[in-house]
Amino acid sequence: MAQRTHSVAYQWYVVGLLLLVFILSYFDRYILTLVIEPIKHSLHLSDFQVGLLLGPAFSLFNVLTGIPLGWYADRASRKWILIGGIVFWCAMTTASGFATSFLLLLVLRLGLGLGEAVVSPSSISMISDYFDRARRGRAISVYMAGPYLGAGLAFLVGGNLVGWLGKMGHTHFLGMGPFAMWQMAFFLVGLPGFVFAALMLTVREPAHSERVSAVAGAPRMSAFRYILARWRGFGALFIGATCNFAMSTLSFWNVPLFQRLWGWDIATIGTVTGLFYFTAGPLGTVIAVWATRHLLKRHADAAMRVLLLGLIITVPMSALYPVMPSAGLAVVAMFLAFVGKSIATAGGPAALSLVTPGDIRGQSVAIFNTVITLVGPLLGPPLIGWATDYSGDPRSIGMVLSLFVVCVGIPSILFVVLGLKHYRKALVELEATLDVPDPLAGNAVAV
């Protein structure tokens, strides 16, 4: 198995490279949020159209293609799937700089979603095959710092890049133009991604491991049937992760929120939000790794408990920060919300990897991503945009965001609490099938 034939240093090199790819995907995804207002004025868009670009335009192809690509990842080279995805989505990001209409930008965002749909299913599947079950949770938790570091770069570096481009005005690029500030932003963040596609050539494809059908001599498994047969445990996991992802979509609206309520400029908002991603994100990841190791000494469902811990922190803080009476208080509550989201983000995929056989791991991650995308970026941003438009007051965005959090967050926490015992039942059942050591044994917490 790859877990035993590759050195520890090489295993972590692969995690590091896949983390960089994950960071890149979020950088390309989030850069749009920093140039929403210039695009809105340049292309004459409504808040509802903005919501479509932030959510469904990206997420639709993630939903439609994620599961087929996950199925393919369980059968083909995940390395080459990732290389193809990187090249495709970077081409879509770069091409977005040439958009001259809402429809064209919508199509290019759809392409970005298609390219990035390969990232998590292929990467988590590869990491799971590089690390044994005792060390897998730590490796995946480190990998799941990607969304926060990527979004942090987008806000921190991207925010200052947008500010710098704004001062330059219309600019020529590669002998073409002139281009507006927001068009140049797409060019400058899209083109470097092709370097990462080349770096992926240094990764060796690991052998697929923990295949139940191979152990039992049974025919190939169906991911849908496996999950549905254990719907209570998987349901709690999916609902908790969906809630957390829905909380993450609030950051799409941070720029208009702070602009409309407190008069901040893009560079300031980008810097503060980016610093939060770089500080609260890694802090949450460290807490998640520590909590997993600590809880695993007594609870086999430690990863699910980490997910729940994150939700308990992020839901109340996410509901409070958009309606705070001052920008300073909003910033404090937002920082705590980011910490909670990072903890939950690390717990969800780790919990999923431990409760699914290797036969269907890529498909399971794709199904997981599809489910959380439906409520998160697919429905959240346009719903929030529609409600803000309906109110007739752009400054109502804070109240709209807070109500969204309350309606989604409180029921989700209750579902996770009630589903913990069902998740553990599914986990113990799988470990008995694989004949792995008891999850509470001492070697289960080895590094």
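Since the structure is predicted, the reported quantities are computational estimates derived from the model, not experimental observations.

Draft legend 1. Just helix α4 (residues 47-54), in detail. Of all the residues in α4, the buried ones are Asp47, Val50, Gly51, Leu53 and Leu54. One side of α4 carries all its buried residues, which in axial view fall inside an arc of 160°.

Draft legend 2. Molecular detail of the nonpolar core. If you look at the biggest cluster of nonpolar residues, it comprises 143 residues, and the most contacted ones within it are Ile39, Met200, Leu237 and Met304. Here this core gets 15 residues from one element, more than from any other, and that element is helix α19 (residues 327-355). Contact partners of methionine 200, with chain neighbours within four places excluded, come to Leu17, Leu18, Val21, Lys79, Leu82, Ile83 and Ile86.

Draft legend 3. The layout of surface pockets, seen in detail. There is about 160 Å³ of room inside the second largest pocket. Along its surface, the second largest pocket is lined by Ala229, Arg230, Trp231, Arg232, Gly233, His422, Lys425, Ala426 and Glu429. Elements with a contribution of two residues or more to the lining of the second largest pocket: α15 (231-248) and α22 (397-434). The element best represented in the lining of the second largest pocket is α22, accounting for four residues. For the lining of the second largest pocket, the per-class residue count stands at three nonpolar, two polar and four charged.

Draft legend 4. View of a nonpolar patch on the surface. Together, Val87, Phe98, Leu174, Met176, Leu191 and Phe194 make up an exposed nonpolar region whose accessible area comes to about 530 Å². Along the chain, the position of leucine 191 falls in the loop between α11 (181-190) and α12 (193-199).

Draft legend 5. Looking closely at the packing of aromatic side chains. All told, the structure shown has 17 aromatic pairs when counted by the stated rule. By way of ring pairs, the aromatic residues Tyr226, Phe234, Phe238 and Phe368 are connected into one cluster. Its end group placed over the ring of tyrosine 10, arginine 204 keeps NZ or CZ at 4.0 Å from the ring centre. Lying across the ring of tyrosine 226, arginine 230 places its NZ or CZ 3.7 Å from the centre.

What counts and what doesn't
- Residues numbered from 1 in each chain as written.
- Predicted model: local features only at pLDDT ≥ 70, side-chain atom pairs only at ≥ 80, totals over all residues.
- Heavy atoms only, no water.
- Buried < 20%, exposed > 50% of the residue type's maximum accessible area, 1.4 Å probe, protein only.
- Helix = DSSP H or I, 4+ residues; strand = E, 2+ residues; numbered from the N terminus.
- Arc of directions from axis to C-beta.
- Core = buried A, V, L, I, M, F, W, Y, C linked by side-chain atoms within 4.5 Å.
- Contact = heavy atoms within 4.5 Å.
- 1 Å grid on protein atoms, 1.4 Å probe; cavity = no way out; pocket = protein on both sides within 12 Å on 5 of 7 lines; lining within 4 Å.
- Points joined across faces, edges and corners; volume = space filled by probe spheres on them.
- Nonpolar A, V, L, I, M, F, W, Y, C, P; charged D, E, K, R; others polar.
- Patch = residues over 30% accessible without salt bridge, like charges linked within 9 Å, V, L, I, M, F, W, Y side chains within 5 Å.
- Areas by Shrake-Rupley, 256 points an atom, 1.4 Å probe, with all protein chains shown as cover.
- Salt bridge = Lys/Arg side-chain N within 4 Å of Asp/Glu carboxyl O.
- Phe/Tyr/Trp six-rings, centres within 6.5 Å; stacked < 30°, edge-to-face > 60°.
- Lys NZ or Arg CZ within 6 Å of the ring centre and 35° of its normal.

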